[in-house]
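Inside the fold
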Amino acid sequence: MNKQNYKNEIEQFAFEELERFYTGDKPVVFERLNTSGNGDEFVIDQTENNYVIRGNTSRSLLYGVYKLIEKVEGLVFLELGKEKKIGIQGLTSTYEGKPKFSRRGNVFETIDDIPFLKRMLDVGTKNGLNEVFFTFFLWDEVKKALLPEIKKRGIDVTLGGHSLRYLLAKAKGVSVSGKAAADGAVNDLVGEETEFTAANTLKNQDFLQDEKAQQSVIEVIVSYCEAEPVIQRISLWPEDVGAKGEEAKLFLTQYMAFTEKLQQALAGAGLQVEVEHIVYNAGLSWEMLERKEQQVSSADVLYAYWGRNYAHSYESERDVRAWESLMDWRRSTDKQITVFEYYSDHFMLSELFPLLFKRIATDIEMYKEAGCDGMVNLVVPLHKIAKAQPHMEQYDYQKYQQLNNVVFARSLWEDVETVSYLLSPAMQQFAEEIEHIFAQNSQYNAVFFPSRVVEAKNPEAKNEVLELLNKMGQLLQQGQIEEPLQQYVESLQRVVQTTKSRWEAL
């Protein structure tokens, strides 16, 4: 192995990972692929004497190490915390690693489980992700523990999310823990008030019309970015409340103007930090998702359509409207557009959690063809109400969400296989059947919002939901279920049975 001088800690880490997993005798050399390039492309050349990994950046060299390990050692990293042995494929001559999008990340809003976040960061990098996105309040809780892991992998950090109240409190000098803000954000989803939300009530229109408040928040954000160079992007969203009526007419214009002020302040401070505004149907408000002849911003765009029917690909009337909105934004701006998806969101998809392998692959190709520049996947844990229920004791949401997340991460690269490594042929067929039936759950969770199927609160939908639950139950009565699906299926069986009983009792 070539013990050349490390240029930085990312390359040092790449060599350490090589030593950890590579057992061959042939030396491995790192070289620059394109000195002017800044993408994550890499090339692995096999010569008579050695392997040469060439990358545009130190991070792309690290990706090259993991691909070399996959090809010559037969190791892939699909689950949290452990590798999987597959058949050794070898390298015939040259392997080219090409990402489909420049931006590829996971979003964490409230999860302060440090060991889990470290595992997600590790396995995400091993499968080609290059970004991790935190709310400001979560970042304050986890940054000390995660910064060393982030830096040695060269991963970009985005800060933002629904953090406005937290930042305003900080600007006023109010001492608020990240934990209190996180609890407030979680409870907002179900309309429960906490001490933090009661003390820091905020209306979007009030903030967007208050230049002094905006300036105070901007100053706090600039200080975050000055303190930590890994912060590459700010994506600060409005509060998660739908805009209606007269308020809606002004909302996007005012919000985009705020992001432009933030952009100017960061540039004025000499910081190379990108800024984006979200396009999001909060409270199922189309006025917050659709452009409606609005002038576009000089900031980038994060497109987050909440409430898709994941059983189909933008085919329902509601989903077609959302797709047309995305296409309108893409036509209207030359700035970067990133799509925000919910493939690992246990609130949106609920504990009737569907595998979405085919949907993810189809989505990625659609978004790529549409000219989008990036994709991020939201990871949301079980809601505390679900955690407290007896039938959920064995429900391992971290393991189950990763099934979709690893397919997402690897599918963001050209010609990378995942599902065949994860599941046997019989289990692949079973996973498709689970996807076909369980993904239908998602179409109700937006219509019933915030009362999802698992909460059984809509008597008028009783018959059709019970029909779906019966199909779910019948499907899960399969014979031999292999890992990694066995525990998942057993958990789903308990959820289906409990949910069915609740609907029958309505």
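Above this text is the structure in question.
The following refers to the structure shown. (Residues numbered from 1 in each chain as written. Predicted model: local features only at pLDDT ≥ 70, side-chain atom pairs only at ≥ 80, totals over all residues. Heavy atoms only, no water.)

Here's the deal with the overall build of the protein chain
Counting its secondary structure elements, the protein chain contains 19 helices and 14 strands. Principal axes of the C-alpha set define a box for the protein chain whose edges measure 70 × 65 × 40 Å. When each of the 506 residues of the protein chain is scored for burial, the buried share is 59%. Expressed as a percentage of contacts within the protein chain between residues at least 6 apart in sequence, the contacts between residues at least 24 apart total 75%. Per element, the accessible surface of the protein chain, about 20700 Å² overall, is 46% carbon and sulfur. Charge separation in the protein chain, taken as the distance between the mean sites of 56 positive and 76 negative side-chain charges, equals 2 Å. (Helix = DSSP H or I, 4+ residues; strand = E, 2+ residues; numbered from the N terminus. Buried < 20%, exposed > 50% of the residue type's maximum accessible area, 1.4 Å probe, protein only. Contact = heavy atoms within 4.5 Å. Areas by Shrake-Rupley, 256 points an atom, 1.4 Å probe, with all protein chains shown as cover. Lys, Arg positive; Asp, Glu negative; His and termini not counted. Charge placed at Lys NZ, Arg CZ, Asp CG, Glu CD.)

Some details on unusual backbone geometry
In this model, Phe 449 is joined to Pro 450 through a cis peptide bond whose omega is 0°. Along the chain, Pro 450 turns up in the loop between α17 (441-447) and α18 (462-475). Across the junction of Glu 483 and Pro 484, the peptide omega takes the value 10°, indicating a cis bond. Looking at where Pro 484 falls in the secondary structure, it is placed in the loop between α18 and α19 (486-505). Phi angles above zero are rare outside glycine, and Ala 456 is one such case at about 50°. Relative to the helices and strands, Ala 456 is located in the loop between α17 and α18. A relative accessible area of 8% means that Ala 456 is categorised as buried.

Describing the packing of aromatic side chains
Counted by the stated rule, this structure contains 29 aromatic pairs. On the basis of an interplanar angle of 80° and a centroid distance of 4.9 Å, the ring pair of Phe 136 and Tyr 224 is categorised as edge-to-face. Note that Phe 136 is positioned in helix α4 (residues 136-153) and Tyr 224 in helix α9 (residues 211-227), a separation of 88 residues in sequence. Tyr 224 carries the same exposure label as Phe 136, and that label is buried. (Phe/Tyr/Trp six-rings, centres within 6.5 Å; stacked < 30°, edge-to-face > 60°.)

Quick notes on the sheet that holds strand β11 (residues 274-280)
The strand order around the closed barrel built from eight strands is β7-β8-β9-β10-β11-β12-β13-β14, with neighbouring strands paired in parallel fashion. Between one strand axis and the next, the sheet turns through 25° on average, direction left out of account. Of the strand pairs in this sheet, strand β10 (residues 231-236) and β11 are connected by two bridges, and their pairing is parallel. The residue bridging Arg 233 from the neighbouring strand is Glu 274, located in β11. Sitting on the sheet, α9 is in contact with β9 (156-161) and β10, with an inclination near 155° to β10. (Pairing = 2+ DSSP bridges. Axes fitted to C-alpha atoms, helices over the stretch in contact; angles between N-to-C directions.)

A short note on the side chain of Arg 104
Secondary-structure assignment places Arg 104 in strand β7 (residues 103-108). What makes Arg 104 buried here is its relative accessible area of 0%. At 3.4 Å, the side chain of Arg 104 forms a polar contact with the backbone oxygen of Ser 102. (Polar contact = N/O pair within 3.5 Å; in protein donor to acceptor, adjacent residues only side chain to side chain.)

Overview of the pattern of salt bridges
When their charged atoms lie close together, side chains carrying opposite charge are able to pair. This model, assessed by the stated rule, comprises 35 salt bridges. Between Arg 103 and Glu 276 there is a salt bridge, and its shortest N-O distance comes to 2.7 Å. With Arg 103 in strand β7 and Glu 276 in strand β11, this pair connects stretches of sequence that are 173 residues apart. Overall, Arg 103 belongs to the buried group, its relative accessible area being 3%. Here Glu 276 falls in the buried class, since its relative accessible area comes to 1%. Taking the shortest distance from any N to any O, the salt bridge between Lys 368 and Glu 414 comes out at 2.6 Å. Of this pair, Lys 368 sits in helix α12 (residues 357-369) while Glu 414 is found in the loop between α14 (397-411) and α15 (419-422), placing the two residues 46 residues apart along the sequence. (Salt bridge = Lys/Arg side-chain N within 4 Å of Asp/Glu carboxyl O.)

Some points on the sheet that holds strand β6 (residues 94-97)
Note on sheets: strands pair through backbone hydrogen bonds, and any given pair is parallel or antiparallel. The mixed open sheet is built from four strands, whose spatial order is β1-β3-β2-β6. The sheet terminates laterally at β1 (28-32) and β6, the two strands that pair on one side only. Pairs of neighbouring strands in the sheet enclose a mean axial angle of 15°, with direction left out of account. Where strand β2 (residues 42-46) and β6 come together, four bridges link them in antiparallel fashion.

Comments concerning the packing of helix α3 (residues 114-126) against α4
At a minimum axis distance of 10 Å, the contact between α3 and α4 shows a crossing angle of 15°. Taken as axis vectors, α3 and α4 run roughly parallel relative to one another. Read as a crossing pair, α3 and α4 show a hand that is right-handed. Contacts between α3 and α4 involve Ile 114, Leu 117, Lys 118, Leu 121, Asp 122 and Thr 125 from the former and Val 142, Ala 145, Leu 146, Glu 149, Ile 150 and Arg 153 from the latter. Class assignment of the residues belonging to the contact of α3 with α4 gives a composition of seven nonpolar, one polar and four charged. (Parallel < 35°, antiparallel > 145°, perpendicular 65-115°, else oblique. Left-handed = near helix turned anticlockwise from the far one by under 90°. Nonpolar A, V, L, I, M, F, W, Y, C, P; charged D, E, K, R; others polar.)

Describing the nonpolar core
Ranked by size, the top nonpolar core spans 178 residues in total, and within it Phe 134 and Ile 234 carry the most contacts. Residue contacts for Ile 234: discarding those within four places in its chain leaves Phe 136, Leu 159, Ile 221, Cys 225, Leu 262, Leu 266, Val 273, Glu 274, Val 275 and Glu 276. (Core = buried A, V, L, I, M, F, W, Y, C linked by side-chain atoms within 4.5 Å.)

A look at the pairing of strand β4 (residues 75-79)
Taken across its five residues, β4 has four buried, putting it largely inside the fold. Two strands pair when backbone bridges link them, and β4 and strand β5 (residues 82-85) are joined in this way by three bridges, in the antiparallel orientation. By the bridge assignment, Leu 75 is partnered in β5 with Lys 85. Two successive antiparallel strands, β4 and β5, enclose a turn made up of two residues, where Gly 81 displays a positive phi of approximately 85°.

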